[in-house]
Amino acid sequence: MALSPCAGATMTTKKAKSKTVDKNLELVRACYVHSLNIIDYAVVSAMIGGIAPAAFAAALSYWFLQCAAMSRDKTELEFMRWTRDFDLVWNPIVEATLDFVEHFEGEADFASVETILNLQHKFGIKHMELTDEELNEHCNRAISVVDFLFERLSEESMISVSVEMAILVMWLKVAALDDQADPEAYPIVEQNITTVVQLYSKVLQ
């Protein structure tokens, strides 16, 4: 049966939209990879320099909420509410992410787990028992690093949701180095980050 001109036009429009979506996804993915590379290099270098992983976990969670608020056009008031009470957004997002890992049945490349173990054993990046005063000092240093890092990223044409994705993945790597998360969670989430974002996005609505 021949298609009517209208039907043909509809199919053409759908194809055009599909190409646009695919192109947008490619841009988001490329920006995510670029952001993760920059964040990973800076944070790992700083931890090799002696800053505790726990301090970076705190700094990254704050910046994740900042990017999540920007990418969803949230008000400054809503963002401040998120940062005052982590049970509102951050903790549910972490729970949703780890739940995805727990029920994951697909395939993943776990080569990066060896990298995490190497950073712990060869470079001494591991959980530190710190006093409140010491932790506060480490957090201030981590915040300085992360602030400088995101000032650098803001100078580029970055996509906020891509940076958000990169921060969550990096947070998992830091948490694994701090013995607060299973190292295998990092590659599983890193390789399925777009699915994870879709799962936790309802928390941010």
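Placed above this text is the structure.
What you see is a predicted model, and the numbers here were worked out from it, not measured in a lab. (Residues numbered from 1 in each chain as written. Predicted model: local features only at pLDDT ≥ 70, side-chain atom pairs only at ≥ 80, totals over all residues. Heavy atoms only, no water.)

(A) Looking closely at the overall build of the protein chain. For the protein chain, the count of helices and strands is nine helices and zero strands. The 205 residues of the protein chain split such that 40% are buried. Looking at the protein chain alone, contacts between residues at least 24 apart form 83% of all its contacts between residues at least 6 apart. Summing over all exposed atoms, the protein chain offers an accessible surface of approximately 11700 Å²; the carbon and sulfur share of this is 54%. (Helix = DSSP H or I, 4+ residues; strand = E, 2+ residues; numbered from the N terminus. Buried < 20%, exposed > 50% of the residue type's maximum accessible area, 1.4 Å probe, protein only. Contact = heavy atoms within 4.5 Å. Areas by Shrake-Rupley, 256 points an atom, 1.4 Å probe, with all protein chains shown as cover.)

(B) A look at unusual backbone geometry. One non-glycine residue, Asp73, lies in positive phi territory at about 55 degrees. For Asp73, the position within the fold is in the loop between α2 (53–71) and α3 (76–84).

(C) Layout of the nonpolar core. Ranked by size, the top nonpolar core spans 61 residues in total, and within it Ile39, Phe56, Phe64, Phe150, Ile167 and Ile193 carry the most contacts. Of the residues forming this core, the biggest block, 13 residues, is contributed by helix α7 (residues 160–177). Ile193 has contacts with Arg29, Tyr32, Met165, Leu168 and Val169, leaving out every residue within four places of it along the chain. (Core = buried A, V, L, I, M, F, W, Y, C linked by side-chain atoms within 4.5 Å.)

(D) Highlighting the packing of helix α5 (residues 111–121) against α7. Running from amino to carboxyl end, α5 crosses α7 at an angle of 50 degrees, the nearest separation of the two axes being 10 Å. Overall, the two elements α5 and α7 adopt an arrangement that is oblique. Considering the relative orientation of α5 and α7, their crossing is right-handed. The segment α5 lies against α7, with Ile116, Leu119 and Gln120 engaging Lys173, Ala176 and Leu177. (Axes fitted to C-alpha atoms, helices over the stretch in contact; angles between N-to-C directions. Parallel < 35°, antiparallel > 145°, perpendicular 65-115°, else oblique. Left-handed = near helix turned anticlockwise from the far one by under 90°.)

(E) Spotlight on the side chain of Ser201. Inspection of the secondary structure puts Ser201 in the segment after α9 (193–200). On the basis of relative accessible area, Ser201 is assigned to the buried category, the value being 19%. From its side chain, Ser201 meets the backbone oxygen of Val197 in a polar contact 2.6 Å long. (Polar contact = N/O pair within 3.5 Å; in protein donor to acceptor, adjacent residues only side chain to side chain.)

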